[in-house]
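Each chain, letter by letter, is given below.
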Amino acid sequence: MSSLICRSSARALRSFFAAPRSAPLFFEGQATAAAAATTFRRNASSLASFYQRVDSKHVPRGWFSGALALPAAVYMLQDNEAHAAELERTFIAIKPDGVQRGLIAEIISRFERKGFKLVAIKLVVPSKEFAQKHYHDLKERPFFNGLCDFLSSGPVLAMVWEGEGAIKYGRKLIGATDPQKSEPGTIRGDLAVVVGRNIIHGSDGPETAKDEIALWFEPSELVSYTSNAENWIYGEN
């Protein structure tokens, strides 16, 4: 068992470091490293007990620390990649009711206080045809026409927010579609009453976020920058 762990870890490290970062092998190495790290975490305690049972005369000095070092290195590589992969962008829109009720500052402040970074923003009055594109996945629903009429009835504040877990946690900040089912503390739970006037929209997944950002914004309208607060939000001790 111990030799299997070491071999898988060694293979992972060799494939990870041997290829250029742009080569396909680099990404295959990442996947292998992830698998090896999972195996290591599952069997580390068994490996320790195995070493304790082995006669020290038959085990080279430093073998155990070396055996742990390889998969541990793989785990650190995997952990760093996973940490970076969580950085994402999501589309958030304050609907006409939220704009007309003067809730822009309140809603933006909630995303800022969470630690997410605003990378695009504009106030637009979408046409009904544009609203139909936005809600294209709901076109078979009986409320589709009314939904599009409402979105195009006045100004909409379109935004893109960036941060680790921004898509999933952005939805948590917003709350359930039905404000009556939204928890207190969420935007809809605190500021809305009925489904038809739930004041805000947020992307529900990575693909949706990608499509909605592309629909509402040109690439040139998205700003990439480093916030002075990021070290205090993501800093590692």
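First, a word on scope: everything that follows refers to the structure included in this document. Since the structure is predicted, the reported quantities are computational estimates derived from the model, not experimental observations.

1. So, the environment of Ser182
Stage number 1. Here Ser182 lies in the loop between α8 (166-174) and α9 (187-191).
Stage number 2. Its relative accessible area of 9% is what places Ser182 among the buried residues.
Stage number 3. Between the C-alpha atoms of Ser182 and Ala192, which are ten residues apart in sequence, the distance is 9.3 Å.
Stage number 4. With residues near it in sequence (within four places) discarded, Ser182 still touches Gly175, Ala176, Arg188 and Gly189.
Stage number 5. Among the polar contacts made by the side chain of Ser182, one reaches the main-chain amide nitrogen of Ala176 at a distance of 2.9 Å.

2. Some details on the packing of aromatic side chains
Stage number 1. A complete count under the given rule lists five aromatic pairs for this structure.
Stage number 2. Ring geometry for Phe91 versus Phe217: centroids 6.5 Å apart, planes at 65°, classification edge-to-face. Here the residue Phe91 occupies a position in strand β1 (residues 87-94), and Phe217 occupies one in the loop between α10 (206-216) and α11 (230-234), the gap between them amounting to 126 residues. Summarising the burial analysis for this pair, Phe91 and Phe217 share the class buried.
Stage number 3. What links up through ring pairs into an aromatic cluster is the set Phe91, Phe130, Trp216 and Phe217.
Stage number 4. A cation over a ring is seen here: Lys117 above Tyr225, with NZ or CZ 4.8 Å from the ring centre.
Stage number 5. Here Lys122 stacks its cationic end above the ring of Phe217, 4.8 Å away from the centre of that ring.

Thresholds, definitions, all that
Residues numbered from 1 in each chain as written. Predicted model: local features only at pLDDT ≥ 70, side-chain atom pairs only at ≥ 80, totals over all residues. Heavy atoms only, no water. Helix = DSSP H or I, 4+ residues; strand = E, 2+ residues; numbered from the N terminus. Buried < 20%, exposed > 50% of the residue type's maximum accessible area, 1.4 Å probe, protein only. Contact = heavy atoms within 4.5 Å. Polar contact = N/O pair within 3.5 Å; in protein donor to acceptor, adjacent residues only side chain to side chain. Phe/Tyr/Trp six-rings, centres within 6.5 Å; stacked < 30°, edge-to-face > 60°. Lys NZ or Arg CZ within 6 Å of the ring centre and 35° of its normal.

Everything listed here is a matter of coordinates, which is why it stays silent on function.
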